[in-house]
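Listed here are the chains, written in short residue letters.
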Amino acid sequence: MTEENKIENIKNELDRASKSLDAAMLLFNNGFLSDAVSRLYYFLLHNIRALLLSKGFEPKSHEGVLRLFSLHFIKEGIFEPKTSHIFAKLMKYREEADYNPIYVFTGEDFVEFRKEAESMADKIKVYLTEKGYL
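Nothing here was measured: the structure is a model prediction, and the numbers come from that model.

Draft legend 1. A look at the overall build of the chain. Within the chain, the regular secondary structure consists of 5 helices and 0 strands. Moving toward the C terminus, one meets the helices and strands of the chain in the order α-α-α-α-α. Rg of the C-alpha trace for the chain: 15 Å, near the compact-globule value of 14 Å for 134 residues, within the 12% margin. Each of the three principal axes of the chain carries a C-alpha extent, and together these read 45 × 25 × 25 Å. Out of the 134 residues in the chain, the part that is buried amounts to 40%. Pairs at least 24 apart in sequence give 63% of the contacts found in the chain among residues at least 6 apart. Accessible area of the chain: about 7,300 Å², with a carbon and sulfur share of 52%. Averaging the coordinates of the 19 positive side-chain charges in the chain and doing the same for the 21 negative ones gives two points 3 Å apart.

Have a look at this one:
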């Protein structure tokens, strides 16, 4: 992957992240909490995929994203361990939202998850900016 491709792919992932957050907000505002939580997870997933691209990684699975993020950004001290917990938590809740019809989320849950996800996304953008990708 060339640096030019890397930059383009990072921007594409961030664009997908932004659209996922927009979708999450539309769903939340219309009372579809489970679907909103699911889209919020994808918002964070695409942000982390953009981050991983900065080091040349292109994981093929959700678990691969978490594993590579933990190995190359948490273990190296670039991000705090709690950031991987935020992503892992949203990964679990996305599965509940998508596959467990009796699992109930509240509006307060979504607001808390969104705050955590947006904070993490902001840190990712700072990192990408510092490394010259944005």
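Draft legend 2. How the structure looks around the side chain of threonine 83. Here threonine 83 is to be found in helix H4 (residues 81–99). The class of threonine 83 is buried, set by a relative accessible area of 2%. Within the structure, the side chain of threonine 83 is placed 2.6 Å from the backbone oxygen of glutamate 80, a separation counted as a polar contact. When near neighbours in sequence (up to four residues on either side) are disregarded, threonine 83 contacts Phe69, Ile74 and Met120.

Draft legend 3. Region of the structure containing the side chain of serine 84. For serine 84, the position within the fold is in helix H4. Residue classification places serine 84 among the buried residues on the basis of a relative accessible area of 10%. A distance of 2.9 Å separates a polar side-chain atom of serine 84 from the backbone oxygen of proline 81. With residues up to four places along the chain from it excluded, the contact list for serine 84 reads Leu66, Phe69, Ser70 and Ile74.

Draft legend 4. Local environment of the packing of aromatic side chains. Scanning the entire structure with this criterion turns up 13 aromatic pairs. An angle of 65 degrees between the planes, with centres 6.0 Å apart, marks the rings of phenylalanine 73 and phenylalanine 79 as edge-to-face. Of the two residues, phenylalanine 73 and phenylalanine 79, neither departs from the other in class, the shared state being buried. A centroid spacing of 5.5 Å and a plane angle of 85 degrees characterise the contact between phenylalanine 73 and tyrosine 127, whose relative ring orientation is edge-to-face.

Draft legend 5. Here's a closer look at the nonpolar core. Ranked by internal contacts, the top residues of the largest apolar core, which has 40 residues, are Ile48, Phe87 and Leu128. Looking at this core, the elements with two or more residues in it are helix H1 (3–29), helix H2 (33–53), helix H3 (62–74), H4 and helix H5 (107–130). Per-element accounting of this core gives the leading share, 13 residues, to H2. Contact partners of leucine 128, with chain neighbours within four places excluded, come to Ile10, Leu14, Ala50, Leu51, Ser54, Tyr133 and Leu134.

Draft legend 6. Just the pattern of salt bridges, in detail. Counted by the stated rule, this structure contains 9 salt bridges. Note that glutamate 96 is salt-bridged to lysine 92, the shortest N-O span being 3.9 Å. Remark: lysine 92 and glutamate 96 occur in helix H4; sequence separation between them is 4 residues, near one turn of the helix. Connected through shared salt-bridge partners, Lys89, Glu112 and Glu116 make up one network.

About the criteria used
Residues take numbers from 1 onward in each chain, read along the sequence in its written order. Local features in a predicted model are, by the rule used here, given only for residues with pLDDT of at least 70; side-chain atom pairs are given and counted only at 80 or more, and totals for whole chains, interfaces and linings are based on all residues. Processing note: side-chain calculations cover all non-hydrogen atoms of the structure and skip hydrogens and water entirely. Secondary structure follows DSSP: runs of H or I at least 4 residues long count as helices, runs of E at least 2 residues long count as strands, and numbering of each begins at the N terminus. Atoms considered for the radius of gyration are the C-alpha atoms alone. The globule rule reads 2.2 Å times the number of residues to the power 0.38. Working definition: with a 1.4 Å probe on protein chains only, accessible area under 20% of the residue-type maximum means buried, over 50% means exposed, and in between means partly exposed. Contacts are assigned to residue pairs that have any heavy atoms within 4.5 Å of one another. All accessible-area figures derive from a Shrake-Rupley calculation using a 1.4 Å probe, and residue coverage is judged against the displayed protein chains alone. Charged residues are defined narrowly, with Lys and Arg counted positive, Asp and Glu counted negative, and His plus the chain ends left uncounted. Every charge is mapped to an atom, namely NZ of Lys, CZ of Arg, CG of Asp or CD of Glu. Polar contact criterion, stated in full: a pair of N or O atoms within 3.5 Å, where within protein one must be able to donate a hydrogen and the other to accept it, and residues adjacent in sequence count only if both atoms are side-chain atoms. Here a Phe, Tyr or Trp ring, Trp counted by its six-membered ring, pairs with any other such ring whose centre lies within 6.5 Å, and the pair is stacked when the planes are under 30 degrees apart, edge-to-face when over 60, and tilted otherwise. What makes a nonpolar core is a set of buried Ala, Val, Leu, Ile, Met, Phe, Trp, Tyr and Cys residues whose side-chain atoms join them at distances within 4.5 Å. By salt bridge we mean one thing: a side-chain nitrogen of Lys or Arg within 4 Å of a carboxyl oxygen of Asp or Glu.

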